[in-house]
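# A look at the structure
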Amino acid sequence: MNIYDVTALVISLAMVVVLGILIGCTPNDQSDLSYLPYTELNFAAAPNIPDARVSQGILSKKSEKSKNSSHKWAARGNRPWKYIIIHHSATQTGSAKEFDKMHRRKGWDEMGYHFVINNGRGGTDGKVEVGSRWRKQKWGAHTKTPNNEHNNFGIGVCLVGNFMNSMPSQKQLAAMRELVEYLMITYDIPPQNVIAHKDAPILKPTECCGKTFHRYVHSNSFRRQLNHYTMAR
Ligand SMILES: [Zn+2]
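Presented here is an overview of the structure given in this document. Please read all numbers here as calculations on a predicted model, not as lab measurements.

Scanning the protein chain from terminus to terminus reveals nine helices and five strands. For the protein chain, the sequential pattern of α-helices and β-strands runs α-α-α-β-α-β-β-α-α-β-α-β-α-α. Within the protein chain, contacts between residues at least 6 apart in sequence are counted, and of these 70% link residues at least 24 apart.

Take the nonpolar core next. Core analysis: the largest hydrophobic core is formed by 38 residues, its most contacted members being Ile 84, Ile 85, Val 116, Ile 117, Val 157 and Ile 189. Among the elements of the structure, strand E1 (83-88), helix H4 (96-105), strand E2 (115-117), strand E4 (154-159), helix H7 (170-187) and strand E5 (194-196) are those that each provide at least two residues to this core. Ranked by residues supplied to this core, first place goes to H7 with seven residues. Setting aside anything within four residues of it in sequence, one finds Ile 84 in contact with Ile 155, Val 157, Val 180, Leu 183, Ile 189, Asn 193 and Val 194.

With that out of the way, let us pick up the sheet that holds E5. Overall, mixed pairing links the five strands, which are arranged E3-E2-E4-E1-E5 in an open sheet. Strands at the two margins of the open sheet, each flanked by one partner only, are strand E3 (128-130) and E5. Averaged over all neighbouring strand pairs, the angle between strand axes comes to 25°, with direction disregarded. Where E2 meets E3, three bridges bridge the pair, whose relative direction is antiparallel. Along E3, the bridge assignment pairs Phe 115 with Val 130.

Looking along a regular strand, one sees side chains alternate from face to face of the sheet. With six of six residues buried, E1 lies mostly within the body of the structure. The side-chain alternation of E1 yields two buried faces, one formed by Tyr 83, Ile 85 and His 87 and the other by Ile 84, Ile 86 and His 88. In the sheet, E1 pairs with E4 via six bridges, with the strands oriented parallel. When the bridges of E4 are listed, His 88 appears paired with Leu 159. Relative to E5, E1 is paired through three bridges, and the arrangement is parallel. From the neighbouring strand, Ile 86 faces E5, where its bridge partner is Ala 196.

Attention now goes to H7. With 18 residues, H7 ought to run about 26 Å at 1.5 Å a step, and its terminal C-alpha atoms sit 26 Å apart, in line with that. Residues of H7 that are buried: Gln 172, Ala 175, Met 176, Val 180, Leu 183, Met 184, Ile 185, Thr 186 and Tyr 187. Among the residues trailing H7, Asp 188 stands out with phi positive, at a value near 55°.

Definitions and limits used
- Residues numbered from 1 in each chain as written.
- Predicted model: local features only at pLDDT ≥ 70, side-chain atom pairs only at ≥ 80, totals over all residues.
- Helix = DSSP H or I, 4+ residues; strand = E, 2+ residues; numbered from the N terminus.
- Contact = placed C-beta atoms within 7 Å.
- Core = buried A, V, L, I, M, F, W, Y, C linked by C-beta atoms within 7 Å.
- Buried ≥ 20, exposed ≤ 12 C-beta atoms within 10 Å, placed from the backbone.
- Pairing = 2+ DSSP bridges.
- Axes fitted to C-alpha atoms, helices over the stretch in contact; angles between N-to-C directions.
- Expected span 1.5 Å × (residues − 1).

Purely spatial values, then, with no claim about function.
Next up, the structure:
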């Protein structure tokens with residue numbers, strides 16, 4: 001082996017090592033936004049951009065139509081929501097205003113839920129109150145998990161009442177179904193991602209949204225409705 005052969009061998013080995021390092025260092029999939037801190041995901045100032053998925057035929061025209069900015073629940077920006085998370089307030093009475101005060105007293109930025117559905121005590125039975133973090137398309141503060149996935153991408157819907165041994169009112173349920181249908185279609189959220197607080201991989205155990213109501217959330221009749229919303233698209 002002469003000096004040129006040795007040099008060629010060294011260069012080849014060096015290239016293999018460099019290539020190996022490059023491949024081995026491939027960063028995690030950048031399309032997964034969950035590694036970003038909350039603040040990086042505040043799309044409050046984002047303009048209402050037409051969803052590219054519609055022009056690509058991934059989302060139907062109908063789901064784009066429901067994004068119409070004139071809809072009562074429409075929000076500016078396109079936060080990539082993945083979950084709808086159902087809560088109960090575990091209180092007999094309540095409203096968005098009261099929960100906002102309660103959560104601020106805990107030192108939070110504002111009310112942690114995105115929507116509150118009144119039960120007639122603190123607000124009209126079946127009325128959907130839109131939280132200010134929904135209008136801002138801001139991350140939630142309602143379902144703490146180790147990687148923050150469910151707060152980053154979960155829409156928090158709280159029904160006023162304690163549903164350990166009773167169900168929400170008929171008007172609350174009707175309002176919840178209408179809201180869930182709108183959110184599933186608008187954000188392309190699959191039925192299996194419509195869950196109760198206690199179903200998430202939470203750090204602190206909870207019975208939220210209450211034992212009786214939790215059975216309803218997983219009942220065949222409710223699941224059939226969710227599947228129907230998906231198929232209707
Ligand atoms: Zn909860």
